[in-house]
Amino acid sequence: MEDLDASEQVIVDGTLSPCRDWNEQSGLFSGKHRRTGVNLQVVADLTGRLLQVSRPAPGSTHDAKAIKATGLLEHFKNTPPLADKGYVGLGLLTPDRKPAGAELTKTQKKATGSSIRCGLLWSEPSPI
């Protein structure tokens, strides 16, 4: 992590790297992906250049829990990474989520829809 520039804007995301179903290794099954594997947290710059890949976590680990374990959040305190809705509440730049019992505003819908389509428009950092 020392190689990462804390002032650079980056994108983080989790991915499942499939692996065999090892009976002696618990937690590898990802319900989201319906297969066994390990959760890897990937850091890339805004051009998509790979900067870092985390150590593997069990495939059943949620992205928010996995990113906390990497220490990456402390490294980018002044420049929060861009991330998807799986990281809401961690202080990263994420698309807006629909509030419970309410709707997004037209502006929020437009920004969130655009971020989903092109991955470039993001809302303010999520409250911790």
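Every value quoted in this text rests on a predicted model; they were computed, and no experiment measured them.

Conventions adopted
- Residues numbered from 1 in each chain as written.
- Predicted model: local features only at pLDDT ≥ 70, side-chain atom pairs only at ≥ 80, totals over all residues.
- Heavy atoms only, no water.
- Helix = DSSP H or I, 4+ residues; strand = E, 2+ residues; numbered from the N terminus.
- Buried < 20%, exposed > 50% of the residue type's maximum accessible area, 1.4 Å probe, protein only.
- Contact = heavy atoms within 4.5 Å.
- Areas by Shrake-Rupley, 256 points an atom, 1.4 Å probe, with all protein chains shown as cover.
- Arc of directions from axis to C-beta.
- Pairing = 2+ DSSP bridges.
- Polar contact = N/O pair within 3.5 Å; in protein donor to acceptor, adjacent residues only side chain to side chain.
- pLDDT = per-residue confidence, 0-100.
- Salt bridge = Lys/Arg side-chain N within 4 Å of Asp/Glu carboxyl O.

Remarks on the overall build of the protein
Item 1. The number of helices and strands found in the protein is 3 helices and 5 strands.
Item 2. When the helices and strands of the protein are placed in sequence order, the string is β-β-β-β-β-α-α-α.
Item 3. When burial is assessed residue by residue, the protein has 35% of its 128 residues classed as buried.
Item 4. At a minimum sequence separation of 6, the contacts of the protein that also span at least 24 residues come to 54%.
Item 5. Surface exposure of the protein reaches about 8300 Å², of which carbon and sulfur atoms provide 52%.

Some details on the environment of N78
Item 1. Secondary-structure assignment places N78 in the loop between α2 (72-75) and α3 (106-118).
Item 2. Expressed as a C-alpha distance, the spacing of N78 and A6, which sit 72 residues apart in the sequence, is 7.6 Å.

Considering helix α1 (residues 63-70)
Item 1. Among the residues of α1, D63, A64, A66 and I67 are the ones counted as buried. Angular distribution of buried residues about the axis of α1 spans 165 degrees; they occupy a single face of the element. Opposite its buried face, α1 presents the exposed residues K65, K68 and A69, each directed more than 90 degrees away.
Item 2. Tucked into the core, α1 has its buried residues touching β1 (10-18), β3 (35-45) and α2.
Item 3. Positioned one or two residues after α1, G71 has a phi angle of 85 degrees, which is positive.

Observations regarding the pairing of strand β4 (residues 50-53)
Item 1. Across 3 bridges, β3 lies against β4 in antiparallel orientation. Directly across from V42, in β4, lies its bridge partner V53.
Item 2. Adjacent in sequence and paired antiparallel, β3 and β4 are bridged by 4 residues, among which G48 carries a positive phi angle near 95 degrees.

Side note on the side chain of T61
Item 1. For T61, the location among the structural elements is in the loop between β5 (57-58) and α1.
Item 2. Overall, the relative accessible area of 17% leaves T61 in the buried class.
Item 3. Only 2.9 Å separates the side chain of T61 from the backbone oxygen of P58, close enough to count as a polar contact.
Item 4. Residues contacting T61, with those up to four places away along its chain left out, are N39 and A66.

Details of the side chain of Q41
Item 1. The topology assignment puts Q41 in strand β3.
Item 2. For Q41, a relative accessible area of 3% translates into the label buried.
Item 3. Within polar-contact distance, the side chain of Q41 engages the side chain of N39 at 2.7 Å.
Item 4. Of note is the side chain of Q41, whose polar atom sits 2.6 Å from the side chain of Y87.
Item 5. Setting aside residues up to four positions removed in sequence, Q41 forms contacts with D13, G14, Q52, V53, S54, D63, A66, I67, T70 and Y87.

Details of the confidence of the model for the protein
Item 1. Summary statistics for the protein give a mean pLDDT of 77 and a share of 77% for residues scoring 70 or more.
Item 2. Confidence drops under pLDDT 50 across residues 116-128; counting only partners more than four residues distant or on other chains, this segment forms 32 contacts.

Quick notes on the pattern of salt bridges
Item 1. Across all of its chains, the model carries 1 salt bridge by this definition.
Item 2. Of the charged contacts, one joins R49 and D45 as a salt bridge, the two residues approaching to 3.1 Å between their closest N and O atoms.
Item 3. According to the relative accessible area criterion, R49 is partly exposed, its value standing at 49%.

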